[in-house]
Amino acid sequence: GGGGGGAGFVPLCHPRVSPREPQRFHPRPFSVSLVTLGSADVCAVLVQGCQLVPLDQEHLVSKVCQLIHHLLNRYQVMVDEQNLNFLLSYCISALRQCSSWTHVEILQALAALVYNNGPKCQKYLPDLLGKGGLLLQFSDPGQPDVELRRAAVRSMANLCLSVPGQPYLDESYRSVCFQTFLGVLQSSKTPDVDDITFCMLLQSALKGVQSLLNGGKMKLMQTDQIGVLLAVLKKCMFHGLPGLSIEVPTALYPAPLPQYDKRSPVKQEQSEPATSKQTGSRRKKCKGKQKKGEFGEEGREDSGDAGNESVLGADMLKLHLGDVQGSPCPDPRPRVWDAGAGKEPLPLPTGCTRISSSESEYSDTEGGIQSKVRSYQANVRQGALACFLSTIKSIEKRVLYGYWSAFVPDAPGIGSPQSVSLMTIALKDPSPKTRACALQVLSAFLEGSKQFLSVAEDANDHKRAFTPFSVTIASSIRELHRCLLLALVAESSSQTLTQIVKCLANLVSNAPYSRLKPGLLTRVWNQIKPYISHKDVNVRVSSLTLLGAIVSVQAPLPEVQLLLQQPSSSGLNSSGSTTPRRFSSCEQWRKALPWAGANPLDSPAGCGPAEPCWLLHLCVSIIVLPREDSCSDSDAAFPSLGSVYEPCPLRLEALQGDQQILCVTLLLGLNHSENPLVKAAAARALGVYILFPCLRQDVMFVADTANAILNSLHDKSPNVRAKAVTHPALGFCVLQVKSNAVRALGNVLHFLQPCHVGNPRFREAIEESLQALIATVASEATMKVRWNACYALGNVFKNPALPLGEAPWARQAFSALSSVVKSCKNFKVRIKSAMALSIPSKRECYGSTEQFCQIWSALVVALQRSEDTEDFLEFKYSSSLRTQICQALLHLLQLARSTDLPLIGGSLREHGEHIKPHVLQYLRCSGEESETGAHTDLGERERGVQGAIEHLSGIERELQGKARVRVSLYLEDVLTDHTNATELTEA
């Protein structure tokens, strides 16, 4: 039977096969006929082939495995579970029984089978990934056959691919795969391994790590694990980059991020030169298109031979990293490389992938081999960047920014070389696709960095022997601006150019310009204006996004106000001839849309009328003027400015009334557009407008906006509905209603009279109102609502008519506030809860001794945690929080009974030394403004401590020495230390 089967199958394969040189299978007879077959038919052919080929016929086993690999990879066949089980069992048995020369083909078949089928392969995981598993054996670092090792790593990477809604790999298997991939990436190429095979090995490992991270189940938490991964990614990001050789340590270590209570003055940098030299070779334009968007998956097989990349010799361009501002409106003509232009790979049609067996596009000449090697090296760099992007999404931001200096450029010191970073790739990599990948990663790095970058400051002088952290971050921000603007004028690829502009927009949205020396935004503004009329629509859209980010910078900054006052023609015609222009309609808008009130007679002789903001005028012209035939439909998305920017409160108010009316009318009208892109963009723009105070008070505008958004909720376009559901107008109304509701409840309960409290008709309503407030404090509602709920409970505690010390709701209220003051992420909510806990004026209002001491213990814990937060912006409230907690603790001590002292004394015995510095700081920092806006002087706080001492001393005298810890002595010791420190300072 086996022999007959073999004879029947031989005509489908090449008859002459050498065990040492197994030929690749090219199933030409099947190429046409199988295209019309379904997946079930293909699977039936493969199963039949395996049934006909016994494992002792190794030549035929090799051929049938090539057939599996070819058909599944070429035609994207989905294998059902029954056939998958049979084919996997066949491959695993073949790996165990057949000679080693067949293993590469078998593993390639295995990789194609498990691709996107990981959840169906659970029962085979012990054989493949368990202790002594086949894939672990073949991927071992000691494996001499690198091609075999690569095939095993590729199979492992395909197993790690996640399928939505399906079970994922167990933790033990994920850990084994992750360590295997790291081991591959840490390895170095030996002389006996050719460059292309090593590149393909690295690509497989990178794809495996990316699959693990994209699965969503693997979160990088351990510092050593993160450091090792980031080190190998940085190494691979520069793999084969011409003219660059770097040494990366085995692991990267995060820099400690200091906690800031108060800003340190920083040294003012020398002003940057107004002009700079730009040197270097020129880079030819990339002729091929690339797929837009995120880095895509590559299918069952490596796309190692992705096409001819641009090449560079050893004399790679040395860019002078000087300031780019050569003129108020620099020439954005792209610079190209001296080396010959190469083609970026064209994206394959959907459903097709590149197969490594097809390498005919490369010649065997020395130049062809070098070009092929560089292409594979570029794919490694792209794979590392894609993996880095997934890594960024798997690490908490506060952890990620500890590695900021390893990937983001900093200004080099005098005589020091420029450190390698993501910008090195963006500026020097010969492949436009790789440059775009690096910029995409940098954008992800910058996204959400506002809290981290908020500490930057270089506007003041600092006179210290060391450079403050704030100055270091400011220097990095400045270097990012300089490098990105340099990349802007050097870039020729439209796709990469779009990524540069998007990266600039992300930087502008997160940098604290009010704390930096002015001038950065002016450089960005002047250099981006010519790109508004770039030939590529994506460049034009991203340029408007960047301008929107500049206009939305908070403060508002005088620098931005001056930029908006520039005349319409400023800088728009200053770009070079190589940048295609679209000025036919842009030139029309000055004539087509005369603004009301622009009277030529009002202008001085020889001068034109005073022009309104040119950017506003441009945006209006884009909306109302007909589009040119050459524009794509995506032109309609011009008003959509990408990310959400908080509006500056003064921008809209700076416009004249008729201009405001025009903007609002246009947006309300565009909300009824038949184009869903326009409608969604209009909804988003209305969402920004509703945040302006001047329009928020306009009842008619709010009503019109709400009606427009409610209509959009029923739109057939999911994009429009999504914009409407998350519209700030709806959120604003809901938030305001909830906040006002809880405050109103607190005010009503505050002013209830005894006659109301005792009335049975009011009793149920009072109980429901109190339960609503307590539930809101303890809920996961928005911080503003919870803040108002704490404030409302504080108001409730002020009403002496309510039975605060004995009612069941009182215990719930104190418990909710005690929990919030210890653990809420928002410090302002903690402050309000501490304030509410300090409001009851009598000891009996706090209830039993147990409840009173629980409140005391919660405040002590809260004081110790007053610096614990993951949010940089919360640190500025930590001092106010400690002040309020100290006031609450002293208030409790002034009301304490003798039965309370044992537990209070025990708490001080355990935590007294930890909270003492905070109490001393509270006494030293008198005179500051509290959360309520009231100022407290030194005498008032000292009198508060002294009053607590007198009250406690009287109680302790009544106890006649029975108290284990005299609390009054603790306070006296604190007050003595404070007095001595004050006298020493004054002396």
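Source: prediction; values computed, not measured. (Residues numbered from 1 in each chain as written. Predicted model: local features only at pLDDT ≥ 70, side-chain atom pairs only at ≥ 80, totals over all residues. Heavy atoms only, no water.)

Our focus in this paragraph is the overall build of the chain. Counting its secondary structure elements, the chain contains 43 helices and zero strands. Out of the 987 residues in the chain, the part that is buried amounts to 53%. Taking as baseline every contact in the chain between residues at least 6 positions apart, the subset at least 24 positions apart corresponds to 77%. (Helix = DSSP H or I, 4+ residues; strand = E, 2+ residues; numbered from the N terminus. Buried < 20%, exposed > 50% of the residue type's maximum accessible area, 1.4 Å probe, protein only. Contact = heavy atoms within 4.5 Å.)

Another aspect to go through is unusual backbone geometry. With phi around 50°, Gln-76 is a residue other than glycine that occupies positive phi space. By secondary structure assignment, the location of Gln-76 is in the loop between helix H4 (58–75) and helix H5 (81–97). Despite not being glycine, Asn-116 has its phi angle at roughly 60°, a positive value.

To continue, consider the nonpolar core. Residues Phe-181, Phe-388, Trp-404, Phe-407 and Met-423 are the most contacted members of the largest nonpolar core, which totals 181 residues. Per-element tally for this core: the top contributor is helix H11 (residues 195–214), with eleven residues. Here this core spans two domains, and each of domain 1 (39–238) and domain 2 (408–459 + 466–541) adds at least three residues to it. Setting aside anything within four residues of it in sequence, one finds Met-423 in contact with Pro-409, Leu-439, Leu-442, Leu-480, Cys-483, Leu-484 and Ala-487. Grouped together as the second largest cluster of nonpolar side chains are 72 residues, Val-757, Val-820, Ile-855 and Leu-895 included. (Core = buried A, V, L, I, M, F, W, Y, C linked by side-chain atoms within 4.5 Å. Domains from an automatic or database assignment.)

Let's shift gears to the packing of helix H40 (residues 878–895) against helix H41 (residues 901–924). One can describe the packing of H40 onto H41 by two numbers: an axis separation of 11 Å at closest approach and a directional angle of 135°. Classed by the angle they form, the pair H40 and H41 counts as oblique. Seen along the crossing, H40 lies across H41 with a hand that is left-handed. Along the contact surface, H40 presents Arg-882, Thr-883, Cys-886, Gln-887, Leu-890 and Leu-893, while H41 presents Ile-904, His-918, Val-919 and Tyr-922. By residue class, the composition of the contact of H40 with H41 is six nonpolar, three polar and one charged. (Axes fitted to C-alpha atoms, helices over the stretch in contact; angles between N-to-C directions. Parallel < 35°, antiparallel > 145°, perpendicular 65-115°, else oblique. Left-handed = near helix turned anticlockwise from the far one by under 90°. Nonpolar A, V, L, I, M, F, W, Y, C, P; charged D, E, K, R; others polar.)

It is worth spelling out the packing of aromatic side chains at this point. Scanning the model with the defined rule gives 13 aromatic pairs in all. Seen from their ring centres, Phe-388 and Phe-445 are 6.1 Å apart, and the 70° between their planes marks the pair as edge-to-face. You can see Phe-388 sitting in helix H13 (residues 366–394) and its partner Phe-445 sitting in helix H17 (residues 432–446), a full 57 residues away along the chain. Judged by relative accessible area, Phe-445 falls into the buried class, the value being 0%. Grouping aromatic residues by their ring pairs yields a cluster made of Phe-388, Tyr-401, Trp-404, Phe-407, Phe-445, Phe-452 and Phe-469. (Phe/Tyr/Trp six-rings, centres within 6.5 Å; stacked < 30°, edge-to-face > 60°.)

Take the pattern of salt bridges next. On inspection of all chains with the given rule, the structure shows 14 salt bridges. Of the charged contacts in the structure, one is a salt bridge between Arg-381 and Asp-429, with a shortest N-O distance of 2.6 Å. Placement of Arg-381 in helix H13 and of Asp-429 in the loop between helix H16 (422–428) and H17 is noted, with a sequence separation of 48 residues between them. Salt bridges linked by common partners bring Lys-916, Asp-973 and Asp-977 together as one network. (Salt bridge = Lys/Arg side-chain N within 4 Å of Asp/Glu carboxyl O.)

For the rest of this paragraph, the subject is helix H38 (residues 827–837). Among the eleven residues in H38, ten count as buried, and that is most of the element. Those residues of H38 not exposed but buried are Phe-827, Val-829, Arg-830, Ile-831, Lys-832, Ser-833, Ala-834, Met-835, Ala-836 and Leu-837. Where H38 is buried, its residues meet helix H36 (783–797), helix H37 (808–823), helix H39 (849–864) and H40. Measuring from the backbone nitrogen of Lys-828 back to the side-chain oxygen at the start of H38 gives 2.9 Å, which picks out Asn-826 as the cap. (Polar contact = N/O pair within 3.5 Å; in protein donor to acceptor, adjacent residues only side chain to side chain.)

A word on the confidence of the model for the chain. In this model, the chain carries a mean pLDDT of 76, and residues with pLDDT of at least 70 account for 71%. Within the model, pLDDT remains below 50 along residues 303–361, and this stretch shows 186 contacts once partners closer than five positions in the same chain are excluded. The low-confidence segment residues 571–610 (pLDDT under 50) makes 69 contacts with residues lying over four places distant or belonging to another chain. (pLDDT = per-residue confidence, 0-100.)

Tracing the backbone through its elements, the reader meets Leu-129 in helix H7 (residues 125–129). Measuring from C-alpha to C-alpha, the distance between Leu-129 and Val-176 comes to 7.5 Å, with 47 residues separating the pair along the chain. Aside from chain neighbours lying at most four places away, what touches Leu-129 is Leu-135, Leu-136, Met-156, Leu-159, Tyr-173, Val-176 and Cys-177.

So, about helix H20 (residues 494–510). Helical geometry note: an α-helix holds 3.6 residues per turn, so side chains three or four residues apart project in the same direction. When the terminal C-alpha atoms of H20 are compared, their 25 Å separation across 17 residues agrees well with the 24 Å that a helix rising 1.5 Å per residue should span. Across the 17 residues that make up H20, a large majority, 15, are buried. (Expected span 1.5 Å × (residues − 1).)

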